[in-house]
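# Summary of the model geometry
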Amino acid sequence: MQWCSLRILRFSLGLVLVLALAACSAAGANSNAGGGNTGFSTEVFANQVRVVADPQGALKWDRATYEAKAGAVTFVVINTSPISHNFVLDGNGVHLVSKNFRTQTPQYLSVPQLAPGEYQIICTVPGHREAGMVARLIVT
């Protein structure tokens, strides 16, 4: 009887460990913990939208509203400010997150099929969204 109980206990602990690892892996797939770009394509398309962080370091984008044509879109994101930012595209079932970036080197963040509609461009570095680093994107 003890052998059976010990075996069930080991199996249960193993199952819990596997489920915990699977949950961590799934959570990591939707986060930016690894520093990579989640969901953006590296292909550069002719349909481009230039988005620039405020060069003085204010927590805002250079425009309140951006426009793009539906289809394949590349966001050319430039951070000329002295602080780190990221670029998040959110709306219409889309949630794409870039890595954090500080340099003035343009980030080419592409979406192969962006549907018409309204989206938000956000910086989710802690405190930036709350301070107003949010813009509107209208895709026609």
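Before reading further, recall that the structure is shown in the block above.
For the structure given in this document, a descriptive report is provided here. All of these numbers come straight from a predicted model, not from anything done at the bench. (Residues numbered from 1 in each chain as written. Predicted model: local features only at pLDDT ≥ 70, side-chain atom pairs only at ≥ 80, totals over all residues. Heavy atoms only, no water.)

### Observations regarding the overall build of the protein
The secondary structure content of the protein amounts to two helices and eight strands. Across the protein, helices and strands are ordered from the amino to the carboxyl terminus as α-β-β-β-β-β-β-β-α-β. Burial analysis of the protein (140 residues in total) assigns 34% to the buried set. For the protein, the exposed area adds up to about 8,300 Å²; of that, 59% sits on carbon and sulfur atoms. (Helix = DSSP H or I, 4+ residues; strand = E, 2+ residues; numbered from the N terminus. Buried < 20%, exposed > 50% of the residue type's maximum accessible area, 1.4 Å probe, protein only. Areas by Shrake-Rupley, 256 points an atom, 1.4 Å probe, with all protein chains shown as cover.)

### Thoughts on the side chain of Ser41
You can see Ser41 is positioned in the loop between helix H1 (2-29) and strand E1 (48-53). A polar contact is formed between the side chain of Ser41 and the backbone nitrogen of Glu43, at a distance of 3.1 Å. Sequence-distant contacts of Ser41, defined by excluding residues within four places in its chain, comprise Tyr108, Leu109, Ser110 and Pro112. (Polar contact = N/O pair within 3.5 Å; in protein donor to acceptor, adjacent residues only side chain to side chain. Contact = heavy atoms within 4.5 Å.)

### Considerations on the sheet that holds strand E4 (residues 88-91)
Read across the sheet, five strands follow the order E2-E8-E7-E4-E5 without closing on themselves; strand pairing throughout is mixed. Looking along the sheet, the strands with just one partner apiece sit at the ends: strand E2 (65-68) and strand E5 (94-97). When strand polarity is set aside, the average angle formed by the axes of neighbouring strands in this sheet is 25 degrees. The pairing of E4 with E5 spans four bridges and is antiparallel. Across the sheet, the residue bridging to Val88 is Val97, located in E5. (Pairing = 2+ DSSP bridges. Axes fitted to C-alpha atoms, helices over the stretch in contact; angles between N-to-C directions.)

### Let's talk about the environment of Thr105
Along the chain, Thr105 falls in the loop between E5 and strand E6 (107-114). Taking C-alpha positions, Thr105 is 7.6 Å from Asn79, a pair spaced 26 residues apart along the chain.

### What to know about the environment of Gln107
Tracing the chain through its elements places Gln107 in strand E6. Residue classification places Gln107 among the buried positions, given a relative accessible area of 12%. For the pair Gln107 and Asn86, spaced 21 residues apart in sequence, the C-alpha to C-alpha distance is 9.9 Å. In terms of polar contacts, Gln107 uses its side chain to reach the backbone carbonyl oxygen of Thr105, at 3.3 Å.

### A word on the pairing of strand E7 (residues 117-122)
Direction of pairing for E4 relative to E7: antiparallel, over a ladder of three bridges. Paired with Asp90 across the strands is Gln120, a residue of E7.

### Thoughts on the pattern of salt bridges
Evaluated as defined, the whole model comprises one salt bridge. Measuring nitrogen to oxygen at the nearest pair gives 3.1 Å for the salt bridge that ties Arg136 to Glu118. Of this pair, Arg136 sits in strand E8 (residues 134-139) while Glu118 sits in strand E7, placing them 18 residues apart in sequence. (Salt bridge = Lys/Arg side-chain N within 4 Å of Asp/Glu carboxyl O.)

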